[in-house]
Amino acid sequence: MPDNLPELRDIHIPHDISNFPLGYGWLIILFTIIFVWLFYKLIRLAVTKSKKLYALKLVKNIPTANIQKSASNMSEILRRICVYKYPEALVLSGKDWIEFLNKNTKTKLDDKTAKLLADAPYMPQDSKTYNSKDLTNLQNFCLKWIGENL
């Protein structure tokens with residue numbers, strides 16, 4: 001019987017399989033997930049910015065000829081924003097409404113401008129209690145409030 005032992009070799013264990021590089025299919029799935037997530041964030045940012053820009057444009061385009069009507073329109077715009085962001089504030093009126101607005105901004109309403117905002121829907125059309133400076137202060141406050149809260 002011939003001697004076959006010299007032809008035998010030791011058993012070699014293969015190297016461990018590493019996790020990387022991943023196969024192309026996994027890379028495509030990973031990049032697709034990242035792309036979808038970034039696209040979602042971009043769309044969400046665009047929607048948020050468009051709401052803010054739309055609200056700012058509405059406040060800037062309010063005619064200032066009638067102080068009572070202009071202040072009422074500004075209050076309406078602020079309430080429309082609250083429908084979107086602060087639904088619990090919809091039932092507020094008077095001092096509670098003013099306190100809510102002041103609580104959610106860095107710049108506070110002064111007393112006369114706050115009274116204009118609170119009393120505007122109930123003032124007669126020919127009232128001379130407030131002047132255009134008060135309306136300008138209210139408009140500036142609305143622009144800042146919208147910028148901080150939308």
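Everything quoted here is computed from the prediction, not taken from an experiment.

Asker: Quick one: what's the story with the pattern of salt bridges, residue by residue and with numbers?
Answerer: Two side chains of opposite charge can pair, provided their charged atoms sit close to one another. In the structure shown here, the tally under the stated rule is one salt bridge. Taking the shortest distance from any N to any O, the salt bridge between Lys112 and Asp134 comes out at 3.5 Å. Of the two residues, Lys112 sits in helix H4 (residues 111–119) while Asp134 sits in helix H5 (residues 132–149), which places them 22 residues apart along the sequence.

Asker: Give a description of helix H3 (residues 95–103) that names residues and reports values.
Answerer: Taken together, the buried positions of H3 are occupied by Trp97, Ile98, Phe100, Leu101 and Asn102. Elements in contact with the buried residues of H3: helix H2 (67–85), H4 and H5.

Asker: Now, about the packing of helix H1 (residues 24–60) against H2: what can you tell me, with residues and values included?
Answerer: In contact at an axis separation of 10 Å, H1 and H2 are set at 165° when each is read in the N-to-C sense. What the angle tells us is that H1 and H2 run roughly antiparallel. In the packing of H1 onto H2, the handedness of the crossing is right-handed. Between H1, through Lys51, Tyr54, Ala55, Leu58 and Val59, and H2, the contact on the second element is made entirely by Ile77, Arg80, Ile81 and Tyr84.

Asker: Could you give an account of the packing of H2 against H3, naming the residues involved and the relevant values?
Answerer: Axis separation between H2 and H3 bottoms out at 13 Å; the angle between their running directions is 65°. Classified by the angle their axes make, H2 and H3 are roughly perpendicular. The element H2 and its partner H3 pack so that their crossing is left-handed. Residues Ser75, Leu78, Arg79 and Cys82 of H2 form the contact with H3, whose participating residues are Trp97, Phe100 and Leu101.

Rules used in this analysis
- Residues numbered from 1 in each chain as written.
- Predicted model: local features only at pLDDT ≥ 70, side-chain atom pairs only at ≥ 80, totals over all residues.
- Heavy atoms only, no water.
- Salt bridge = Lys/Arg side-chain N within 4 Å of Asp/Glu carboxyl O.
- Helix = DSSP H or I, 4+ residues; strand = E, 2+ residues; numbered from the N terminus.
- Buried < 20%, exposed > 50% of the residue type's maximum accessible area, 1.4 Å probe, protein only.
- Contact = heavy atoms within 4.5 Å.
- Axes fitted to C-alpha atoms, helices over the stretch in contact; angles between N-to-C directions.
- Parallel < 35°, antiparallel > 145°, perpendicular 65-115°, else oblique.
- Left-handed = near helix turned anticlockwise from the far one by under 90°.

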